[in-house]
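Listed here are the chains, written in short residue letters.
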Amino acid sequence: MTVNTPGELIHHTVLLDEAIEALDIQGTRLNGVYVDGTFGRGGHSRKILTQLGPQGRLIAFDKDPYAIANAEQIQDPRFSIVHESFADMHAELAHLGITKVDGVLMDLGISSPQVDDAERGFSFRNDGPLDMRMDTTRGISAAEWLAHEDEQNIREVIENYGEERFAFQIAKAIVARRASESISSTRQLAELVAHAVKTREKGKDPATRTFQAIRIFINKELEDLEIGLAAAYECLAPNARMAVISFHSLEDRIVKQFFASKVKVAQPDRRLPIRDVDLPKPQMQLISRMKPTEQEILRNPRARSAIMRVAERIVGGAL
């Protein structure tokens, strides 16, 4: 599905039909409560609304003010938008009087309009202010952070969040450059990284990993993901499903490990006199792991790294 709102850049929603199918919106759940943890440009939310019954409800979250403005165009009494991270899901839903939901979808990818809008500062391909904040109303920009952070911390961020083997050289080059001029544009940073990276991955811009790392750090993406997964689980009703679409290995590892921790519950020593009925029970069961089809990747090359993992809360599982 392509969302092409007037005045906006085109956005292709990744795994659109597959994600909605994974939520299993049918039967008694047609009038259930669902959460879209990352509204983005609304592809998944709009599709969920076409599946919901008249008494159904969808609450969407997003940090991006542009996404919020887009969501506010939806005139549907079943829909609500919250300008917060999905990490705040549990508290925000409680504020709305919601304690349990029938499904949660979290699409962790950055949207095409965010990447393609030079003013947002996410892309090394388009020159613009070096901002990178999902929520431009809060926090510090990437330029502000690079201007003041020490070399060791810059290196660790680029190495840990970008898995960049030239992190030391890049951090050193950033500190050397800022001594003579501020690094305030995406082009400045991209050119600086290109000079610091000695060998290039085939088909990948040398700035890719550095831009990814700084964006993840500035927006606390991995911290929010860990908190958000736990919050989403706490909100799931029995038999409710959680579907999470990730786009790089750091995200997917966190999702995979979280689901595994709910599927494989630690058991006590088998020598202890504990009845089977009293043993800890799994909290979730894995439903599927899915990637985009070749056809979707041809239509939208940015979908190529996506992985969706789906799990369902078990009735009677540990709380």
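Residues numbered from 1 in each chain as written. Predicted model: local features only at pLDDT ≥ 70, side-chain atom pairs only at ≥ 80, totals over all residues. Heavy atoms only, no water.

**Q** In this structure, what is going on with the overall build of the protein? I would like to understand it.
**A** The secondary structure content of the protein amounts to 13 helices and nine strands. Against the compact-globule benchmark of 20 Å for 319 residues, the protein has a radius of gyration of 21 Å, which places it among compact chains. C-alpha atoms of the protein, sized along the principal axes, occupy 65 × 60 × 40 Å. The buried share of the protein, reckoned over its 319 residues, is 50%. (Helix = DSSP H or I, 4+ residues; strand = E, 2+ residues; numbered from the N terminus. Rg over C-alpha atoms; globule rule 2.2 N^0.38 Å. Buried < 20%, exposed > 50% of the residue type's maximum accessible area, 1.4 Å probe, protein only.)

**Q** What am I meant to see in the side chain of Asn219 here?
**A** One can find Asn219 in the loop between helix H10 (208-218) and helix H11 (221-235). Here the side chain of Asn219 touches Met134 through a polar contact of 2.6 Å, landing on its backbone nitrogen. Contacts of Asn219, omitting those with residues within four sequence positions, involve Lys63, Phe122, Met132, Arg133, Met134, Asp135 and Asp224. (Polar contact = N/O pair within 3.5 Å; in protein donor to acceptor, adjacent residues only side chain to side chain. Contact = heavy atoms within 4.5 Å.)

**Q** Looking at this model, I keep getting lost on the packing of helix H8 (residues 167-178) against helix H9 (residues 186-196). Mind explaining?
**A** It is at 9 Å that the axes of H8 and H9 come closest, and there the two elements cross at 130 degrees. It follows from the interaxial angle that H8 and H9 lie oblique. For the pair H8 and H9, the crossing hand works out as right-handed. In contact with Gln169, Ile170, Ala173, Ile174 and Arg177 of H8, H9 contributes Gln188, Leu189, Leu192, Val193 and Ala196. Within the contact of H8 with H9, the residues separate by chemical class into seven nonpolar, two polar and one charged. (Axes fitted to C-alpha atoms, helices over the stretch in contact; angles between N-to-C directions. Parallel < 35°, antiparallel > 145°, perpendicular 65-115°, else oblique. Left-handed = near helix turned anticlockwise from the far one by under 90°. Nonpolar A, V, L, I, M, F, W, Y, C, P; charged D, E, K, R; others polar.)

**Q** Any chance you could explain the pattern of salt bridges here in plain terms?
**A** Close approach of charged atoms allows side chains with opposite charge to pair. Counted under the stated rule, the structure contains 14 salt bridges. The salt bridge involving Glu181 is made with Arg177; its shortest N-O contact spans 3.7 Å. Among the residues examined, Glu181 registers a relative accessible area of 36% and is labelled partly exposed. Ionic pairing is found between Asp252 and Arg309, a salt bridge with its closest N-O pair at 2.7 Å. Note that Asp252 is positioned in helix H12 (residues 249-263) and Arg309 in strand E9 (residues 307-313), a separation of 57 residues in sequence. For the residue pair Asp252 and Arg309, the accessibility class agrees, reading buried in each case. Put simply, Glu84, Asp135 and Arg138 are held in one network by salt bridges that share partners. (Salt bridge = Lys/Arg side-chain N within 4 Å of Asp/Glu carboxyl O.)

**Q** Looking at this structure, how should I read H12?
**A** An α-helix turns once per 3.6 residues; consequently, residues spaced three or four apart project the same way. For H12, spanning 15 residues, the distance from its first C-alpha to its last is 21 Å, which sits close to the expected 21 Å at 1.5 Å a residue. The inward-facing, buried residues of H12 abut helix H7 (151-162), H10, H11, strand E7 (236-246), strand E8 (284-290) and E9. (Expected span 1.5 Å × (residues − 1).)

**Q** Is there a simple way to think about the packing of aromatic side chains in this case?
**A** Each aromatic ring pair is characterised by the separation of its centres together with the angle its planes make. All told, the structure shown has five aromatic pairs when counted by the stated rule. On the basis of an interplanar angle of 80 degrees and a centroid distance of 5.5 Å, the ring pair of Phe124 and Phe211 is categorised as edge-to-face. Here Phe124 is found in the loop between helix H5 (112-116) and helix H6 (142-148), whereas its partner Phe211 is found in helix H10, with 87 residues between them in sequence. Residue Phe124 is classed as buried on the basis of its relative accessible area, which comes to 16%. For the pair Trp145 and Phe217, a centre-to-centre distance of 4.7 Å together with 40 degrees between the ring planes defines the contact as tilted. Linking Trp145 in helix H6 with Phe217 in helix H10, this pair joins segments that are 72 residues apart in sequence. (Phe/Tyr/Trp six-rings, centres within 6.5 Å; stacked < 30°, edge-to-face > 60°.)

**Q** Help me understand the environment of Ile74 in this model?
**A** Note that Ile74 resides in the loop between helix H3 (65-71) and strand E5 (79-82). As a C-alpha pair, Ile74 and Thr137 span 63 residues in sequence and 22 Å in three-dimensional space.

**Q** I tried to follow the pairing of E9 on my own but got confused; where do I start?
**A** The side chains of a regular strand alternate between the sheet's two faces. Most of E9 is tucked away, with seven of its seven residues classed as buried. Side chains of E9 alternate between two faces, with Ile307, Arg309, Ala311 and Arg313 and Met308, Val310 and Glu312 buried alike. One ladder, built from six bridges, connects E7 with E9; its direction is antiparallel. Within the sheet, the bridge partner assigned to Met242 lies in E9 and is Ala311. By the bridge criterion, six bridges tie E8 to E9 in an arrangement that is antiparallel. From the neighbouring strand, Ser288 faces E9, where its bridge partner is Val310. (Pairing = 2+ DSSP bridges.)

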